[in-house]
Amino acid sequence: MKLSNQQRLARAKFALPSSVTLLSIACGFASIVISVDNARIGDPDDFRLAAILLVLAGVFDALDGFVARATNTQSSFGVQLDSIADVMNFGCAPGLLLYCYGFTQLGDVHPTLERMGGLACFVFVTCGALRLARFNISHGRTDPRYFVGMPITAGAACVASVVVAWPDPVIAVAPAFLVCALMVCVGALMVSTIRFPSSKHPKGKVMLALLGVCLVLLALLQERFFVLFFLIYVCVTLLLNIGWKLGWRGVAPPKVFED
């Protein structure tokens, strides 16, 4: 039975968001391949490229939802595909990147530290997967202005920003321990119940002002800007949550939904 042109167009339209998700998966997989190939070589440019590919995967991850809403082609299949892609792109890929970047150059001299690094990166991947599972079952039951725990995309960008800023692989013990702490702490933030503000929270003028400040800082700091951005993002979020606990209401706290 032949399909009409209208039916073919409808099928192509529904395939469009999934195609964008597959582009995101391609970026995540390319980052993994580059990280593995460069593990023993330690070329800083390749590590930075692997980190940038994770950022590009995040762009496609945001774009697939936009395309689905713009074309009115949201589907359960697309939701499941997007969730699976997130585990690989923002869990496994950054975990492997930081393992290759932070520990493989030390393996011959400090094999125990290399194993500790692998465990820390596994903690990050595990926490990312748990964060996604929790999001999937609580979607629509939490205040959309806030995320419960750091989003996995932000977590991946946070650890990748370190590689972008300092792409030379770790060859000393002290920085390796710092990378361990980074992976565990970011993982803990992802599975925490700390409320992280989403982009839906600030009003338009506030967002434009923040964007302007970010662009100025990006021009001044270049690659180091991203580390500063996530440091401020986490610190402001923690202070905001502490303020709510102490009764401060200068910024409206998240609404509590009854089960």
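Residues numbered from 1 in each chain as written. Predicted model: local features only at pLDDT ≥ 70, side-chain atom pairs only at ≥ 80, totals over all residues. Heavy atoms only, no water.

- Under an unreviewed UniProt entry, the protein chain has the name CDP-diacylglycerol--serine O-phosphatidyltransferase and belongs to Massilia oculi.
- Here the protein chain is described in UniProt, under the heading Catalytic activity (unreviewed entry), as follows: "a CDP-1,2-diacyl-sn-glycerol + L-serine = a 1,2-diacyl-sn-glycero-3-phospho-L-serine + CMP + H(+)".
- In UniProt, the protein chain has this text filed under Sequence similarities (unreviewed entry): "Belongs to the CDP-alcohol phosphatidyltransferase class-I family." (UniProt positions renumbered as here; feature names shortened; annotations may be inferred.)

1. Quick look at the overall build of the protein chain
Line of reasoning, step 1. Scanning the protein chain for helices and strands turns up eight helices and two strands.
Line of reasoning, step 2. Ordered by position from the N terminus, the helices and strands of the protein chain form the series α-α-α-α-β-α-α-β-α-α.
Line of reasoning, step 3. In the protein chain, which comprises 259 residues, the share counted as buried stands at 38%. (Helix = DSSP H or I, 4+ residues; strand = E, 2+ residues; numbered from the N terminus. Buried < 20%, exposed > 50% of the residue type's maximum accessible area, 1.4 Å probe, protein only.)

2. With respect to the side chain of Ser192
Line of reasoning, step 1. Mapping Ser192 onto the fold places it in the loop between helix H6 (173-191) and strand E2 (195-197).
Line of reasoning, step 2. Owing to a relative accessible area of 16%, Ser192 belongs among the buried residues under this scheme.

3. A short note on a nonpolar patch on the surface
Line of reasoning, step 1. A cluster of nonpolar residues, Val216, Leu220, Leu221, Leu228, Leu231, Ile232 and Val236, forms a patch on the protein surface that exposes about 620 Å² of accessible area.
Line of reasoning, step 2. Among the elements that make up the nonpolar patch, the one with the highest residue count is helix H8 (residues 225-245) (four residues).
Line of reasoning, step 3. For Leu220, the position within the fold is in helix H7 (residues 204-221).
Line of reasoning, step 4. On the basis of relative accessible area, Leu220 is assigned to the exposed category, the value being 64%. (Patch = residues over 30% accessible without salt bridge, like charges linked within 9 Å, V, L, I, M, F, W, Y side chains within 5 Å. Areas by Shrake-Rupley, 256 points an atom, 1.4 Å probe, with all protein chains shown as cover. Salt bridge = Lys/Arg side-chain N within 4 Å of Asp/Glu carboxyl O.)

4. Quick word on the side chain of Asn89
Line of reasoning, step 1. Note on placement: Asn89 falls in helix H3 (residues 76-102).
Line of reasoning, step 2. Under the relative-accessibility criterion, Asn89 is labelled buried at 0%.
Line of reasoning, step 3. Here the side chain of Asn89 touches Ser24 through a polar contact of 2.8 Å, side chain to side chain.
Line of reasoning, step 4. Setting aside residues no more than four positions away along its own chain, Asn89 makes contact with Ser24, Ile25, Gly28, Leu54, Ala57 and Pro94. (Polar contact = N/O pair within 3.5 Å; in protein donor to acceptor, adjacent residues only side chain to side chain. Contact = heavy atoms within 4.5 Å.)

5. Brief notes about the UniProt feature "transmembrane region" (unreviewed entry) in the protein chain
Line of reasoning, step 1. Under the UniProt annotation, "transmembrane region" (unreviewed entry) lies at residues 12-35, 47-67, 87-104, 116-134, 146-166, 172-192, 204-221 and 227-244.
Line of reasoning, step 2. End-to-end, the C-alpha atoms of residues 47-67 are 30 Å apart, and along that stretch the chain is 100% helix and 0% strand.

6. Details of the packing of aromatic side chains
Remark: the centre distance and the inter-plane angle together describe each pair of aromatic rings, the angle taken between the planes.
Line of reasoning, step 1. The final tally for this structure, using the stated rule, is eight aromatic pairs.
Line of reasoning, step 2. Note on Phe47 and Tyr101: the rings are 5.8 Å apart at their centroids and 85° apart in plane angle, and the pair reads as edge-to-face. Here Tyr101 lies in helix H3 and Phe47 lies in helix H2 (residues 44-71), a separation of 54 residues in the sequence.
Line of reasoning, step 3. Tyr101 sits in the buried class, given a relative accessible area of 4%. (Phe/Tyr/Trp six-rings, centres within 6.5 Å; stacked < 30°, edge-to-face > 60°.)

7. Observations concerning the nonpolar core
Among soluble globular proteins, nonpolar side chains are generally buried collectively.
Line of reasoning, step 1. Residues Leu97, Leu98, Tyr101, Phe124, Met150, Val163 and Met183 are the most contacted members of the largest nonpolar core, which totals 50 residues.
Line of reasoning, step 2. Of all the elements in the fold, those that place two or more residues in this core are helix H1 (5-37), H2, H3, helix H4 (111-138), helix H5 (152-165), H6 and H8.
Line of reasoning, step 3. A per-element tally of this core places H5 first, with nine residues.
Line of reasoning, step 4. In contact with Phe124, other than residues within four places in its own chain, are Phe90, Gly91, Pro94, Gly95, Gly155, Ala156, Val159, Met183, Val186, Gly187 and Met190. (Core = buried A, V, L, I, M, F, W, Y, C linked by side-chain atoms within 4.5 Å.)

8. Considerations on the pattern of salt bridges
Line of reasoning, step 1. Overall, the coordinates contain three salt bridges when judged by the stated rule.
Line of reasoning, step 2. Notably, a salt bridge pairs Glu114 with Arg115, separated by 3.3 Å at the nearest N-O pair.
Line of reasoning, step 3. With a relative accessible area of 7%, Glu114 lands in the buried category.
Line of reasoning, step 4. Between Arg145 and Asp143 there is a salt bridge whose closest N-O contact spans 2.7 Å.
Line of reasoning, step 5. Using a relative accessible area of 22% as the deciding quantity, one classes Arg145 as partly exposed.
Line of reasoning, step 6. Asp143 sits in the buried class, given a relative accessible area of 4%.

9. Description of H5
Line of reasoning, step 1. Given a rise of 1.5 Å per residue, 14 residues ought to cover 20 Å, and the 20 Å separating the end C-alpha atoms of H5 matches this to within 8%.
Line of reasoning, step 2. Judged by how many residues are buried, H5 sits mostly within the fold: 12 of 14 residues are covered.
Line of reasoning, step 3. Taken as a whole, H5 has its buried residues at Ile152, Ala154, Gly155, Ala156, Cys158, Val159, Ala160, Ser161, Val162, Val163, Val164 and Ala165.
Line of reasoning, step 4. Packing partners of the buried residues in H5 comprise H2, H3, H4, H6 and H8. (Expected span 1.5 Å × (residues − 1).)

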